[in-house]
Amino acid sequence: MTIHHLNCGSLRRIEATYDGPPPEPAVNHCLLMETDAAGLVLVETGLGLNDVRDPDRTLGADWVEMAGPVLDPEETAIRQVERLGYAPSDVRHIIVTHLDVDHCGGLPDFPDAQVHVLAAELEAATAQAPSFRYRPAHWAHGPDWVTYTPERADQWFGFTAIQPEGLPPEIQLIPLGGHTEGHTGVAVRDGDRWLLHCGDAYYYHRELQHHREPHPLLDVVQVGSEIHHDLRLGTQARLRELLRDHGDEVTVFSAHDPWELAVHQGRSDRRESLPTA
């Protein structure tokens, strides 16, 4: 399986809290996986073409003012898929960690894909939209939803795991609660290691250090958007334990940290840009 790390939508520029890495725009870190049996699998969609064309309608003017998206059509997932030589219809599966505007904006660009999401998240999104975080324009085309309810039968390094329908066992849903009603991480086997896309379970790599260090700007956003404070902090504590006990087997990253993305894209060799316990 070939894995591509994509930025599907640059946002407001932020600074690190320590000397070294230069300021970078916050990102929408997506994964594109080339699989043998399931075709292309996209984890997150970031911002889509409709968001670029009419951001106030699809994203909401308040969100646009807060996040400061760059709105470059060349950063959309569909354009990056096409640059790799594929057609949009080759994306057969999309997994979203949750349905906030910046995580599912590209869904209309891939209308034929099955969209995998936790049932609680889809229920909350459709009940609350339109709102600051949930925008119905992103699913007005009628996606082919595949929904899941977590059970405790399957385990992944002590976390509940869900096998997505039609996808290989190298791809697992790992519910990570606190940010939204049905927030999930996505674990992907990459050779002899696992990658864990943590979505918005944390925002900044230094939050997963032993001495937790939130980012002053990103933490305002993260606290303001949480649905359960204690559960979110408990999830982060479990991720720190995961790195402490299995850091030689698992690499974690979040959706918006640009320094993590730079390492995965080979643009930086700074290991401090990856979370360590």
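Basis of the calculations
Residues numbered from 1 in each chain as written. Predicted model: local features only at pLDDT ≥ 70, side-chain atom pairs only at ≥ 80, totals over all residues. Heavy atoms only, no water. UniProt positions renumbered as here; feature names shortened; annotations may be inferred. Pairing = 2+ DSSP bridges. Helix = DSSP H or I, 4+ residues; strand = E, 2+ residues; numbered from the N terminus. Axes fitted to C-alpha atoms, helices over the stretch in contact; angles between N-to-C directions. Core = buried A, V, L, I, M, F, W, Y, C linked by side-chain atoms within 4.5 Å. Buried < 20%, exposed > 50% of the residue type's maximum accessible area, 1.4 Å probe, protein only. Contact = heavy atoms within 4.5 Å. Expected span 1.5 Å × (residues − 1). Phe/Tyr/Trp six-rings, centres within 6.5 Å; stacked < 30°, edge-to-face > 60°. Lys NZ or Arg CZ within 6 Å of the ring centre and 35° of its normal.

Labelled according to an unreviewed UniProt entry, the chain appears under the name MBL fold metallo-hydrolase, originating from Streptomyces galilaeus. Here the chain is described in UniProt, under the heading Sequence similarities (unreviewed entry), as follows: "Belongs to the metallo-beta-lactamase superfamily."

> Break down the sheet that holds strand β5 (residues 40-43) for me, citing the residues and quoting the values.
The strand order across the open sheet formed by 6 strands is β1-β4-β5-β6-β7-β8, and the pairing between neighbours is mixed. Looking along the sheet, the strands with just one partner apiece sit at the ends: β1 (2-7) and β8 (144-148). The mean inter-strand angle of the sheet, taken between neighbouring strand axes irrespective of direction, is 20 degrees. By the bridge criterion, 5 bridges tie strand β7 (residues 114-118) to β8 in an arrangement that is parallel. Each residue of the ladder has a partner; that of V115, found in β8, is W145.

> Run through the nonpolar core, naming residues and quoting values.
Counting 35 residues, the largest nonpolar core has W156, L196, L239 and V252 as its most contacted members. Put simply, the parts of the chain that give this core at least two residues each are β4 (29-34), β5, β8, β11 (171-175), β12 (184-190), β13 (193-197), α7 (229-246) and β14 (250-253). The contact partners of W156, leaving out residues within four places of it in the chain, are A161, I174, A187, W194, L196, L242 and V250. The next biggest cluster of nonpolar side chains, apart from the first, holds 26 residues, and it includes L42, V115, V117 and W139.

> I'd like a rundown of helix α2 (residues 55-67), residues and numbers included.
Along its 13 residues, α2 runs just 12 Å from first to last C-alpha, ending more than 12% under the 18 Å computed at 1.5 Å per residue. Those residues of α2 that sit buried are P55, T58, L59, G60, W63, V64 and A67. In this structure, the buried residues of α2 make contact with α1 (49-53) and α4 (101-104).

> Requested: an account of the UniProt feature "domain: Metallo-beta-lactamase" (unreviewed entry) in the chain, with residues and values cited.
As recorded in UniProt, the sites labelled "domain: Metallo-beta-lactamase" (unreviewed entry) are residues 27-256. Helix makes up 29% of residues 27-256 and strand makes up 22%, while its end C-alpha atoms are separated by 5 Å.

> Any chance you could break down the packing of aromatic side chains for me, citing the residues and the numbers?
The description of an aromatic ring pair uses the distance of the two centres, along with the angle that the planes make with each other. Under the counting rule described, the total for this entry stands at 4 aromatic pairs. For the pair Y204 and W259, a centre-to-centre distance of 6.0 Å together with 70 degrees between the ring planes defines the contact as edge-to-face. Of this pair, Y204 sits in the loop between β13 and α6 (216-225) while W259 sits in helix α8 (residues 258-264), and the two are 55 residues apart along the sequence. Positioned above the aromatic ring of Y134, the side-chain terminus of R133 is 5.8 Å from the ring centre. Sitting above the plane of the Y18 ring, R206 keeps its charged end 3.6 Å from the centroid.

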